[in-house]
Amino acid sequence: MKKTTLLTFAFIAITFASCKKDRVCTCTDVDGDVLSTTYYDSKKSNAELLCTSENSQTKYTSGGVTITGDRTTCVLE
């Protein structure tokens, strides 16, 4: 009986530890410009992986103009 109760509490704890929710990744480039990206209904480990992958060089295209820049700091909030 004690093992069953312990296993039930462990299962509940693991379920809450891996909950999915909206996570925000904020990146600041060398010019001080800030860009925030929201990962909807995401586990923390997945959001951290996506956020750190955004540290690489990126390209922005707006109005036919392409801007290439480095994001220096990305932090998951």
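Residues numbered from 1 in each chain as written. Predicted model: local features only at pLDDT ≥ 70, side-chain atom pairs only at ≥ 80, totals over all residues. Heavy atoms only, no water.

J.: If you had to explain unusual backbone geometry to someone new, which residues and values would you point to?
T.: A positive phi is found at aspartate 41, a non-glycine position, where the angle reads about 50 degrees. Position of aspartate 41 relative to the elements: it lies in strand β2 (residues 34-42). (Helix = DSSP H or I, 4+ residues; strand = E, 2+ residues; numbered from the N terminus.)

J.: Tell me about the environment of cysteine 19, residues and numbers included.
T.: Along the polypeptide, cysteine 19 turns up in the loop between α1 (2-17) and β1 (21-29). Considered as a pair, cysteine 19 and lysine 43 are 24 residues apart in the sequence and their alpha carbons are 6.2 Å apart. Those residues in contact with cysteine 19 that sit more than four places away from it in its chain are Ser42 and Lys43. (Contact = heavy atoms within 4.5 Å.)

J.: Go over the pairing of β2, please, and point to the residues and values.
T.: Note that β1 and β2 share seven bridges and pair antiparallel. In the sheet register, cysteine 25 faces β2, and the bridge partner there is threonine 37. Where β1 folds back on β2, the antiparallel hairpin that results is connected by four residues, among which glycine 32 adopts a positive phi of roughly 90 degrees. (Pairing = 2+ DSSP bridges.)

J.: Explain the side chain of threonine 26 residue by residue, including any values.
T.: Among the secondary structure elements, threonine 26 is positioned in strand β1. If sequence neighbours within four positions are ignored, threonine 26 has contacts with Val34, Leu35, Ser36, Thr73, Cys74, Val75 and Glu77.

J.: Before we move on, can you summarise the confidence of the model for the chain with the specific residues and values?
T.: Across the chain, pLDDT averages 77, with 65% of residues at or above 70. The spread of mean pLDDT over the elements of the chain runs between strand β3 (residues 57-62), the lowest at 64, and β2, the highest at 90. (pLDDT = per-residue confidence, 0-100.)

J.: Any details on the nonpolar core? Residues and values, ideally.
T.: One finds Cys25, Cys27, Tyr39, Ala47, Cys51 and Cys74 forming the largest nonpolar core, which totals six residues. Counting residues per element, the ones that place at least two in this core are β1 and α2 (44-53). Contacts of alanine 47, omitting those with residues within four sequence positions, involve Arg23, Tyr39, Ser42 and Leu76. (Core = buried A, V, L, I, M, F, W, Y, C linked by side-chain atoms within 4.5 Å. Buried < 20%, exposed > 50% of the residue type's maximum accessible area, 1.4 Å probe, protein only.)

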